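# Topology and contacts: notes
Listed here are the chains, written in short residue letters.
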Amino acid sequence: MTEQHRTVGRVKEVTSLANPLVKDIKALALKKFRDQQHAFMAEGLKLVIDALDLGWSIKTLVFAKAGLGNPTIEKVAARTVAAGGTVLEVSEKVLSAITRRDNPQMVVGVFSQQFVALKDIRPRDGDVWVALDRVRDPGNLGTVMRTVDAVGARGVILVGDTTDPFAVETVRATMGSIFAVPVAKATTEQFLAWRRGFAGLVAGTHLKGAVDYRSVDFGNRPVLLLMGNEQQGLPDELAASCDHLLRIPQAGRADSLNLAVATGVMLYEIRRGALKLEDIRA
Ligand code: SAM
């Protein structure tokens, strides 16, 4: 039998694309296998360090041969081993195959997926949550998560049949915020039941909304911002569950704003009083 990998200390050296560990990681490109393994992949040394610092559970650390001797990578490798994970040192060919990129990052981490249960979300004063109805585009979802993180909102609730927050494209678009922003998922019915117990303001956004988004006093109550699907907008039953249906005025010929842009505009309005320039991280 050909050797599938060579183990040096706690690190396995892998050069073959046929290696079963590599095959499992490559399979994470497909939702079916992400669900089976309950895992996902994140690229980049900084992201992996942030994830470990935030307590995410690492299953596998993959790094390029060229990273050997890099003290930061070695530290992360040691943390991975201490957490019970596997460390793979791979050729650039293997790393390109895993990430499907010609110039891959030197480090990739495979982490366990984490969702927050809807029943455990009990917003307090000042908290802002974003609910996305059937969001389809991974780029939109990732951008919304990044914006939620940036404005200091609490998290995202995915309603109905949505794109996967742990898809490679979504994770890339979050630019690391996947590890900072809690995500819950719910059917429309589960969401509506939870919403009935929500003691705050539910602000929906709608192209037919009668209220200018700038005219609402969001105050310090918990706010739930509800955004509609990219093609269809909010369905009637979700629109009916909102305290206000808000509209962002438009001047030109565009029918609507992009979902992530509209979410950003709304979040900056809702969080206007809470955000100070001095808070921006250096
Ligand atoms: N054709 C869809 C419709 O009729 O609603 C367009 C949906 S738009 C691309 C996606 C979501 O972004 C909307 O459901 C709404 O939540 C939000 N949105 C986009 N532009 C908006 C605006 N000018 N005012 C309020 N919400 C807006």
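Heads up: these notes are all about the structure in this document. (Residues numbered from 1 in each chain as written. Predicted model: local features only at pLDDT ≥ 70, side-chain atom pairs only at ≥ 80, totals over all residues. Heavy atoms only, no water.)

### Thoughts on the overall build of the protein chain
As a reminder, the rule being used: Per the convention used, a helix needs a DSSP run of H or I reaching at least four residues, while a strand needs a run of E reaching at least two, with both numbered from the N terminus. Relative accessibility under 20% of the residue-type maximum defines a buried residue, over 50% an exposed one, and the middle range a partly exposed one, all with a 1.4 Å probe and only protein chains included. For accessible areas, the Shrake-Rupley method is used with a probe of radius 1.4 Å. Any residue's cover is judged against the shown protein chains and nothing else. None of His or the chain ends enter the tally, which takes Lys and Arg as positive and Asp and Glu as negative. We put the charge of a Lys on NZ, of an Arg on CZ, of an Asp on CG and of a Glu on CD.
A count of helices and strands for the protein chain gives ten helices and 13 strands. Seen through its principal axes, the protein chain has C-alpha atoms that stretch 70 × 40 × 40 Å. By the burial criterion, 48% of the 282 residues in the protein chain qualify as buried. As presented, the protein chain carries roughly 14500 Å² of accessible surface, and 50% of it is formed by carbon and sulfur atoms. Between the averaged position of the 36 positive side-chain charges in the protein chain and that of its 31 negative side-chain charges there is a distance of 2 Å.

### Considering the sheet that holds strand β8 (residues 155–159)
We count it as follows: A strand pair is defined by DSSP finding two or more bridges across the two strands. We call two residues in contact when some of their heavy atoms are within 4.5 Å. Between N-to-C directions, angles span 0 to 180 degrees; the directions come from axes that are lines fitted to C-alpha atoms, helices contributing only their stretch in contact.
As summarised here, the arrangement of the seven strands in space is β9-β8-β7-β12-β10-β13-β11, forming an open sheet in which the pairing is parallel. Each having just a single partner strand, β9 (183–186) and β11 (211–212) make up the two edges of the open sheet. Bridging between β11 and strand β13 (residues 244–247) involves two bridges; their strand directions are parallel. Bridging across to β13, V211 finds its partner in L246. With respect to the sheet, helix α8 (residues 188–196) is in contact with β7 (128–133), β8, β9, β10 (201–205) and β12 (223–227), its orientation differing from that of β8 by roughly 130 degrees.

### Details of the site of the ligand
Selection rule: What makes a residue near a molecule or strand is one non-hydrogen atom of that residue sitting within 4 Å of it. Polar contacts here mean pairs of N or O atoms no more than 3.5 Å apart (in protein, one a potential hydrogen donor and the other a potential acceptor; neighbouring residues in sequence count only if both atoms are side-chain atoms). Only protein atoms enter the 1 Å grid used here, on which a cavity is any set of points holding a 1.4 Å probe that cannot leave and a pocket is any open set flanked by protein within 12 Å on both sides along at least five of seven lines; residues with an atom within 4 Å of a point are listed as lining. Those molecules having more than half of their atoms within 2 Å of a cavity or pocket grid point set are described as sitting in that cavity or pocket.
Not every one of the 17 residues close to the ligand is listed here, only the nearest: T205, G228, I248, Q250 and L257. G228 is positioned with one of its backbone polar atoms (N or O) 2.9 Å from an oxygen atom of the ligand. Within the contact set of the ligand, a nitrogen atom lies 2.9 Å away from a backbone nitrogen or oxygen of I248. The fraction of the free accessible surface of the ligand (560 Å²) that becomes covered by protein chains is 86%. More than half of the atoms of the ligand fall within 2 Å of the grid points belonging to the second largest pocket. For the shell around the ligand, the secondary structure elements donating two or more residues are β13 and α10 (259–270).

### A short note on the packing of helix α3 (residues 45–53) against helix α4 (residues 71–82)
The criterion, for reference: Note on convention: near helix rotated counterclockwise from far helix by under a right angle means a left-handed crossing. Clockwise means right-handed. Polar here means any residue outside two lists: the nonpolar Ala, Val, Leu, Ile, Met, Phe, Trp, Tyr, Cys and Pro, and the charged Asp, Glu, Lys and Arg; Gly therefore counts as polar.
The N-to-C vectors of α3 and α4 enclose an angle of 35 degrees; their axes lie 11 Å apart at closest approach. Helix-helix and strand crossings are classified by hand; for α3 and α4 the assignment is left-handed. Contact residues: L45, V48, I49, L52 and D53 in α3; T72, I73, V76 and R79 in α4. Here the residues of the contact of α3 with α4 are counted per class, giving six nonpolar, one polar and two charged.

### Considerations on the side chain of S91
Relative to the elements of secondary structure, S91 occurs in the loop between β5 (86–90) and α5 (92–99). Not counting chain neighbours up to four residues away, the residues in contact with S91 comprise V14 and T15.

### Topic: the pattern of salt bridges
As a reminder of what qualifies: Definition used for salt bridges: Asp or Glu carboxyl oxygen within 4 Å of a side-chain nitrogen of Lys or Arg.
Counted by the stated rule, this structure contains twelve salt bridges. Across the pair D53 and R79 runs a salt bridge, and its minimum N-O distance is 3.0 Å. Residue D53 is located in helix α3, and its partner R79 is located in helix α4; the two are separated by 26 residues in the primary sequence. Assessed through its relative accessible area of 51%, D53 is described here as exposed. Close ionic contact of R195 with D243 constitutes a salt bridge, the shortest N to O distance being 3.4 Å. Taken as a pair, R195 in helix α8 and D243 in the loop between α9 (236–240) and β13 lie far apart in primary sequence, 48 residues in all.

### Some words on α10
Selection criterion: Multiplying 1.5 Å by the helix residue count minus one yields the expected span of that helix.
Here α10 contains twelve residues, and its C-alpha end-to-end distance of 16 Å stays within 8% of the 16 Å for a straight helix at 1.5 Å per residue. α10 sits mainly inside the fold: nine of its twelve residues count as buried. Of the surrounding secondary structure, the elements contacted by the buried residues of α10 are β7, α6 (138–151), β10, β12 and β13. The opening residue of α10, the one whose side-chain oxygen lies 2.8 Å from the backbone nitrogen of A260, is N258.

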